[in-house]
Amino acid sequence: MGLHFDRPWLLLLIIPAAAWLFWAWKRTLRLSGPRKAAAFTLRAVILLLLISVASGFAPTFRDDYRAVVFVADRSASVADDARIAGWIGEALDGKDDGDRAGIVSFGRTAAVERPLTAEGGAPALRAGIDPAYSNVTDGLRLAASMLPEGGRIVLLTDGRSNAGDAIRQSRLLKSQGIAVDVVPLASRAADDAAIESLQVPASVRLGERFTIELEVASTAESEAELRLFENEREIARETVRLSRGINRYLFQNIAGSAGFNRYRAEIYMPGDHRAQNDTAYGFSRVEGPPRVLVVEGEPGSSANIASALEASLIPYDLASPEQLSVELADYARYDAIVLNNVPATRLSETVMERLASAVGDLGIGLVAAGGADSYGLGGYYETPLERALPVYMDLKGRRQMPSLGLILVIDRSGSMDGGKLELAKEAALRAIGLLRDPDTVGVVAFDDSPWWVVEPTKLTDRDAVTAAVQGIQPAGGTDIHPAVAAALDRMLEIEAQRRHIILLTDGMSAGNNDYNALTAAMNEAGITMSTVAVGMDADTELLKRLADAAKGRYYYTADQSTIPAIFSRETAMMARTYIVENRFVPAIGQAGGWLPLFSAGVPAVDAYVATTPKETAETVLLSPEGDPLLARWSFGAGRSVAWTSDLMGQWSTEWTSWPQFPDVLSAWVKWTFPQFSTDPWLVKARLEGGDAELTITAQGAAGTSNLTVSLTGEDGSAETLRPVPVAPGEYAVRLHNARPGAYFMQISESGDADGAPSGGSLAGFVIPYSPEFRLAGDEEGRALLEEIAQVTGGRMLSPEQPGEVFRIERIAARGKVDLTRGLLIAALLLWLADIAVRRLSLPWNRIAAALAGRFAVRQGPGADAAGAAAWSRLKERTRSAGEFYAGGGIRPRGLEPRKAEDKLPDVRIGGTDGTDTARAGPSATGSAPSNGSHSVLLDAGSPDSGGAAGSPMERLLAAKRRGSR
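Residues numbered from 1 in each chain as written. Predicted model: local features only at pLDDT ≥ 70, side-chain atom pairs only at ≥ 80, totals over all residues. Heavy atoms only, no water.

**Regarding the side chain of Glu772**
Here Glu772 is to be found in the loop between strand E41 (758-767) and helix H17 (779-792). For Glu772, which is buried and forms no salt bridge, the nearest opposite charge comes from Arg160, at a distance of 5.8 Å. A polar contact is formed between the side chain of Glu772 and the side chain of Asn162, at a distance of 2.7 Å. Beyond its immediate stretch of four places on either side in the chain, Glu772 contacts Ser75, Ala76, Ser77, Pro131, Ala132, Tyr133, Ser134, Arg160 and Asn162. (Helix = DSSP H or I, 4+ residues; strand = E, 2+ residues; numbered from the N terminus. Buried < 20%, exposed > 50% of the residue type's maximum accessible area, 1.4 Å probe, protein only. Lys, Arg positive; Asp, Glu negative; His and termini not counted. Salt bridge = Lys/Arg side-chain N within 4 Å of Asp/Glu carboxyl O. Polar contact = N/O pair within 3.5 Å; in protein donor to acceptor, adjacent residues only side chain to side chain. Contact = heavy atoms within 4.5 Å.)

Now the structure itself:
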């Protein structure tokens, strides 16, 4: 046993504490005798306890034990938790009771499975780790933090570390006196094929033949199928015979289309163990003329656009809205995209996000041409494409619109649970957003019966309406008729110039009611109703019949993400003021570089879709009402143009037949082309522990030292970073938590650190799958484990002998007993006792005397004779006084008379009224009354009083002083 102090210098506080106690003893006058001594003794003990806590006082004892931390590899290359846990359990069976063990598991990062304790038994490896990487360094670091007094680490791994520096960490462990014993584990054996690399030229010319090189690793001899894709178009498929090890294949290809092309290779082998390593990507830029993608809402409606592009020698591709890809990389091969009267109801939310990202992040141009299914009429309100265009879809209160009454009938049955109901609520909010404050809106949700979410009301409190709509919850079955009837009854009470009902459901109605009376009443009152069928389970026949009978429109969608666009389109069409039919000659506004195109005048336009220009947009051509006919602006890294009339010739016949039309349209399209520099950048990615280290190298002359890059993944996510220059024309940037896949990088230059980006280039790069999924032998991992053991002075343990783990030397350590909590509790209790001694009015003298007497009695026969005699006299006097007062003041027989010098003091017995009623002693003249309340006062002048005779007040004060002693 011994004593330990964490902060021994704080023991010097005893000196000022003792000085304070001495000073306080001298200054404290109201306490005296044993009471004062007890109070200051308690204070001294309290101060001593607090100083002990402050100095870190703790008793110590010798504690010899063994300490081992097991570090288990749970990455994908091992993936054998049951085997590792069983091995650790067998090793723990060989430890002594006093030995301690802890468990750490690691993948990409490390986590503690069990702290350092004496607990035994097989562990359960349950910590959540990312198995895509093997970070031996992090596992060793965490294990070392659990061994403050030294010990050993047992590392169970295949040695395929692909994050951190395990050797450097081993040297640090050696300096701490911690040895690492290693248990080599075999990588999980299974049939697997992996594409190690896909090599394509970074840049080729249009029509050039080039070679694509592919490396495939395999753990088994087997037949497999290789597929090669260019921009989602399969260009090669070949059955090959894989051998164990590395297999190399070459494919010839011709650069047939200009732009940024993405290549993807895939391998399919029967019995393949992992899918993570079956795909590889590559990018190649094909130099050639720019290419345009034309998306037409109606088949054959883009003849005028195609003729204008052909006249300007601009290649193009035609596609329908449903053919648009959800892969961002598929848009990178185009320089501009033209949307020709395409309704948003035919574009999924994902496709619109990709189109907006292609413009804002990749710098691809966008031209939107109007028509009856475009802009607000097409349902573009609050969509990603509205963000990319230079005009708002609503009219911002600039136009006199008819009063509107809208009731939304929304299915909230159990089948709508999840995404469908959430999108229906978003659709309702978009529709409400298009209405004005004087308009009337109502929302009724239905299952087996209708429920009014929002009673028909003016939009004076939009927040309340929004909150009510967001509170719709799914429940029950589906019965359409009562809900439509309830909506019609309330709509008949609404006074508005346009009254419309929108019905949305995804199921079959439970009832078999007659809807003819409902639609007849709607026709008679001038109320229209449109219906929306969601999914294959909807009663499409009934909904289509209802829409036709109620003079509305019927929509069917299998993509629930289009529901908001449908609702906003219906709301816009209900107003019937978005299409402006009025022949006019457009006025020229902010034409900029396009002014020469209109120097000879512009043709007339018969109609257009009314929109509102955005604040930073340039309105090139205007209508007499001030609406934009032609507007342009920059959006992110790209540019977009909005033409609010059509290009089919229905509203703009003079424009499409105008001789200058091909030059004008091609000028619009060319203005949106990416503003790339002539010297593109080469981007390479290198994985390091889950992070990607990107190297950006200028292919021509080195650019400015200040770059801004915008990264865009295949999922459309974007991130802006600032690279750091590492060499002339070379920059580096780190991408944290990088996911494998194909990425685009928009590189912009600026003249200074705070300057605005100028110029730019589009580059592509690939982050490969984790090295954890690469096929490699165990030799490289075993070499790493041998070096770790050699550096730290550890052992190479056999996987078949777990009992060897605890055959190591013991740690001669001293243990400590933490008394902090107990000392603080004791100080608190003593503090309360100190308060009691100083503040409570108790007969402390008698308590002290009683305690002293009890102590003396416990002394036994060997006690001091004088003390025993004094104690006997005290007991005799107490007994005599009791007998005297019990006998009415008559001395009992046998009691010897007192000597003259020992006469009793005068005793005055006073009544409660303040008068003396009896007197005892030598001067007593009467006896005390038999009842009543009295007080007995000793005569201060008597020999026992200890004071001279005097006034009653003086005698009282003298008695009080004696009591305080």
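**A closer look at the environment of Met146**
Positionally, Met146 belongs in the loop between helix H4 (136-145) and strand E6 (151-157). When the C-alpha positions of Met146 and Gly102 are compared, they lie 7.8 Å apart, and in sequence the two are 44 residues distant. Not counting residues within four places of it along the chain, the set of residues in contact with Met146 comprises Val69, Gly102, Ile103, Val104, Val112, Arg114, Pro115 and Leu116.

**A word on the pairing of strand E23 (residues 450-458)**
As judged from the 6 bridges shared by strand E22 (residues 440-446) and E23, these two strands associate in the antiparallel manner. The residue of E23 that forms the bridge with Phe446 is Pro450. The loop that links E22 with its antiparallel partner E23 comprises 3 residues. (Pairing = 2+ DSSP bridges.)

**With respect to the nonpolar core**
Within soluble globular proteins, side chains that are nonpolar generally end up buried alongside one another. The biggest cluster of nonpolar side chains holds 83 residues, and the ones touching the most others in it are Phe598 and Trp655. Here the element with the most residues in this core is helix H16 (residues 661-671); it accounts for 6 residues. When near neighbours in sequence (up to four residues on either side) are disregarded, Trp655 contacts Pro586, Phe598, Val602, Pro603, Ala604, Val605, Leu621, Trp643, Phe661, Val664 and Trp668. In this structure, Met416, Val441, Ala445 and Val453 belong to the second largest nonpolar core, which totals 30 residues. (Core = buried A, V, L, I, M, F, W, Y, C linked by side-chain atoms within 4.5 Å.)

**Observations regarding the side chain of Asn340**
Relative to the elements of secondary structure, Asn340 occurs in strand E18 (residues 336-340). Within the structure, Asn340 has its side chain in polar contact with the side chain of Ser302 (distance 3.0 Å). When residues no more than four places from it in sequence are discounted, the contact partners of Asn340 are Val295, Glu296, Gly297, Ser301, Ser302, Ile305, Ala369, Leu647 and Met648.

**A closer look at the environment of Leu832**
Structurally, Leu832 is set in helix H18 (residues 820-839). Relative accessible area serves as the criterion here: at 46%, Leu832 is assigned to the partly exposed category. Expressed as a C-alpha distance, the spacing of Leu832 and Leu42, which sit 790 residues apart in the sequence, is 9.7 Å.

**Describing the pattern of salt bridges**
Side chains that differ in charge, positive against negative, can pair when their charged atoms come close. One pass over the full model with this rule turns up 41 salt bridges. The closest approach of N and O atoms between Arg152 and Asp181, which form a salt bridge, is 2.7 Å. Here Arg152, found in strand E6, pairs with Asp181, found in strand E7 (residues 178-184); they are 29 residues apart in sequence, far enough to count as distant. Residue Arg152 shares its accessibility class with Asp181, and that shared class is buried. Taking the shortest distance from any N to any O, the salt bridge between Arg264 and Glu266 comes out at 2.7 Å. Judged on exposure class, the residue Arg264 and its partner Glu266 are both buried.

**Looking at the packing of H4 against helix H5 (residues 166-175)**
Contact pair H4 / H5: the axes reach a minimum separation of 8 Å and the direction vectors enclose 15°. Viewed along their axes, H4 and H5 adopt a mutual orientation that is roughly parallel. The chirality of how H4 crosses H5 is left-handed. Across the interface between the two elements, Val136, Thr137, Leu140, Arg141 and Ala144 of H4 pack against Ala166, Gln169, Ser170 and Leu173 of H5. Tallied by class, the residues present in the contact of H4 with H5 amount to 5 nonpolar, 3 polar and 1 charged. (Axes fitted to C-alpha atoms, helices over the stretch in contact; angles between N-to-C directions. Parallel < 35°, antiparallel > 145°, perpendicular 65-115°, else oblique. Left-handed = near helix turned anticlockwise from the far one by under 90°. Nonpolar A, V, L, I, M, F, W, Y, C, P; charged D, E, K, R; others polar.)

**Things to note about the sheet that holds strand E11 (residues 222-230)**
Pairing within the open sheet is mixed, and its 5 strands lie in the order E9-E15-E14-E11-E12. A single partner strand is all that each edge strand has here, and the edge strands are strand E9 (203-205) and strand E12 (233-242). On average, each strand axis in the sheet is tilted by 25° relative to the strand beside it, whichever way the strands run. As paired elements, E9 and strand E15 (residues 279-287) share 3 bridges and run parallel to each other. In the strand pairing of E15, Val204 is matched with Val286.

**Some thoughts on the confidence of the model for the chain**
Summary statistics for the chain give a mean pLDDT of 82 and a share of 83% for residues scoring 70 or more. Counting contacts from residues 751-758, a segment whose pLDDT is below 50, to residues more than four positions away or on other chains yields 13 contacts. This model gives residues 889-949 a pLDDT under 50, and the stretch forms 84 contacts once residues within four places in sequence are excluded. (pLDDT = per-residue confidence, 0-100.)

**So, the packing of aromatic side chains**
Per the stated rule, a full pass over the model turns up 13 aromatic pairs. With 4.8 Å between their ring centres and 55° between their planes, Trp643 and Trp655 make a pair best called tilted. With Trp643 in strand E33 (residues 638-643) and Trp655 in helix H15 (residues 653-656), this pair connects stretches of sequence that are 12 residues apart. Taken individually, Trp643 and Trp655 each receive the classification buried, so the pair is uniform in this respect. Centroid distance Tyr743 to Phe765: 5.5 Å. Interplanar angle 10°. Geometry classified as stacked. (Phe/Tyr/Trp six-rings, centres within 6.5 Å; stacked < 30°, edge-to-face > 60°.)

**A look at helix H2 (residues 33-54)**
For H2, with 22 residues, the first-to-last C-alpha span of 32 Å sits near the 32 Å given by 1.5 Å per residue. Among all positions of H2, only Lys36, Ala39, Phe40, Leu42, Arg43, Ile46, Leu49, Ile51, Ser52 and Val53 are buried. Note on H2: the residue one or two positions beyond its end, Gly56, has a positive phi of about 75°. (Expected span 1.5 Å × (residues − 1).)

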